[in-house]
Amino acid sequence: MTHDPRPFGRLLTAMVTPFTPDGSLDLEGAARLAVHLVDEQRNDALVVSGTTGESPTTTDAEKETLLRAVVEAVGDRARVVAGVGTNNTAHTIELAHTAEKAGAHGLLVVTPYYNKPPQAGVERHFRAVADATGLPIMLYDIPHRAGTAIATETMCRVAEHERIVAVKDAKGDLIASSWVLSRTDLAYYSGDDAATLPLLAIGGVGLVGTSSHFTGVLAKEMIEAFERGDTTTALTRHRQALPLFTGIFRSPGTILVKAGLTAKGLPAGPVRSPLVDASDEELKQLRQDAAAAGIVL
């Protein structure tokens with residue numbers, strides 16, 4: 001099956017979910033942040049309700065309302081991908097149906113987490129979700145969080161499904177990814193900001209980023225430079241962004257992104273428990289990491 005080589009463009013940001021000071025959903029802020037990410041940080045697409053968007057602590061109704069707000073704000077010029085993955089296949093399908101009706105352009109489906117299904121269960125889960133809607137699907141392979149990796153053979157089998165078109169790759173195994181890329185038409189997006197350039201070198205097409213709330217322009221320039229064969233510029237941009245590509249994960253990315261956005265006067269608000277807001281020391285370190293990348297927070 002031949003797919004669009006870049007079904008979601010080159011650069012996507014896994015967007016945080018802005019909350020008001022009392023912790024409720026800030027829909028106006030979400031729309032403003034989405035516009036900033038697309039117009040100022042050069043994103044081709046946004047992921048809403050991923051883990052960075054605090055999906056574990058938002059309700060299904062909040063996810064739908066948030067998605068509709070972001071689609072309305074930027075859906076005419078960027079693709080909006082809804083995070084719908086859970087460790088319950090039936091619930092994931094419900095979320096997928098809701099996202100499709102709400103205007104999503106695609107779905108991000110993580111490997112079922114914590115209950116550690118065998119590979120047959122992983123495959124059946126992904127196929128069931130792909131069968132349930134008409135939207136293109138990006139699988140999310142992040143074994144250090146999910147507890148289960150998507151095996152190479154499983155990835156190659158599910159790639160036969162016409163709607164499974166891409167992977168957010170946070171496995172940290174370039175050899176496994178290389179094997180899948182050599183055997184399928186799946187579009188591989190790095191799920192680890194700092195691993196984007198190495199992934200491009202084996203056939204990846206882009207990034208689903210967290211630091212790209214701030215490094216979007218650098219990341220986009222890096223990807224575009226690599227694509228046109230200018231590896232010197234691509235490497236320069238990679239090294240320039242590296243302090244923030246990595247520094248954003250000194251704490252869970254959501255915490256530091258929200259701290260950085262607040263420092264820049266952009267919508268973010270607090271995080272929801274069990275996360276905790278960044279300390280003054282963490283914000284100071286984040287500013288140092290950003291400064292090392294030539295970015296002012």
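An unreviewed UniProt entry annotates the protein chain as 4-hydroxy-tetrahydrodipicolinate synthase originating from Actinoplanes cyaneus. Of the protein chain, the UniProt comment under Sequence similarities (unreviewed entry) reads exactly: "Belongs to the DapA family." Checking UniProt for the protein chain, the heading Pathway (unreviewed entry) contains the comment "Amino-acid biosynthesis; L-lysine biosynthesis via DAP pathway; (S)-tetrahydrodipicolinate from L-aspartate: step 3/4."

> So what about the environment of Thr154? Which residues, and what values?
Counting through the fold element by element, Thr154 comes out in helix H6 (residues 152-158). Considered as a pair, Thr154 and Val84 are 70 residues apart in the sequence and their alpha carbons are 20 Å apart.

> Can you break down the UniProt feature "active site" (unreviewed entry) in the protein chain residue by residue, with the values?
The feature "active site" (unreviewed entry), as annotated in UniProt, sits at Tyr140 and Lys168 in this numbering. Spatially, the listed residues are clustered: although they cover 29 residues, their C-alpha atoms lie within 4.7 Å of one another. Its location among the elements puts Tyr140 in strand S5 (residues 137-141). Of the residues examined, Tyr140 reaches a relative accessible area of 10% and is grouped as buried. Leave out the neighbours within four places in its chain, and Tyr140 touches Leu108, Val109, Val110, Thr111, Ile150, Lys168 and Ala170. Tracing the backbone shows Lys168 in strand S6 (residues 164-169).

> Give a detailed account of the environment of Asp289, specifying residues and quantitative values.
With respect to the helices and strands, Asp289 occurs in helix H12 (residues 280-292). What makes Asp289 buried here is its relative accessible area of 6%. Between the alpha carbons of Asp289 and Arg79 there is a distance of 30 Å; along the sequence they are 210 residues apart. At 2.7 Å, the side chain of Asp289 forms a polar contact with the side chain of Arg250.

> Describe the nonpolar core, and please don't skip the residues or the numbers.
The biggest cluster of nonpolar side chains holds 75 residues, and the ones touching the most others in it are Met15, Leu67, Val70 and Leu107. Not counting chain neighbours up to four residues away, the residues in contact with Met15 comprise Ala30, Leu33, Ala34, Leu37, Leu46, Val47, Val48, Thr52, Gly53, Val70 and His213. Of all hydrophobic cores here, the second largest spans 18 residues; its members include Tyr140, Val165, Ala170 and Val208.

> Any details on the UniProt feature "site: Part of a proton relay during catalysis" (unreviewed entry) in the protein chain? Residues and values, ideally.
Per the UniProt entry, the sites bearing "site: Part of a proton relay during catalysis" (unreviewed entry) are Thr51 and Tyr114 in this numbering. For the residues just named, distributed over 64 residues, the greatest C-alpha separation is only 14.5 Å, placing them together at one site. Excluding residues within four positions of it along the chain, Thr51 makes contact with Arg145 and Thr254. Within the secondary structure, Tyr114 sits in the loop between strand S4 (106-110) and helix H4 (119-132).

Parameters and conventions
- Residues numbered from 1 in each chain as written.
- Predicted model: local features only at pLDDT ≥ 70, side-chain atom pairs only at ≥ 80, totals over all residues.
- Heavy atoms only, no water.
- UniProt positions renumbered as here; feature names shortened; annotations may be inferred.
- Helix = DSSP H or I, 4+ residues; strand = E, 2+ residues; numbered from the N terminus.
- Buried < 20%, exposed > 50% of the residue type's maximum accessible area, 1.4 Å probe, protein only.
- Contact = heavy atoms within 4.5 Å.
- Polar contact = N/O pair within 3.5 Å; in protein donor to acceptor, adjacent residues only side chain to side chain.
- Core = buried A, V, L, I, M, F, W, Y, C linked by side-chain atoms within 4.5 Å.

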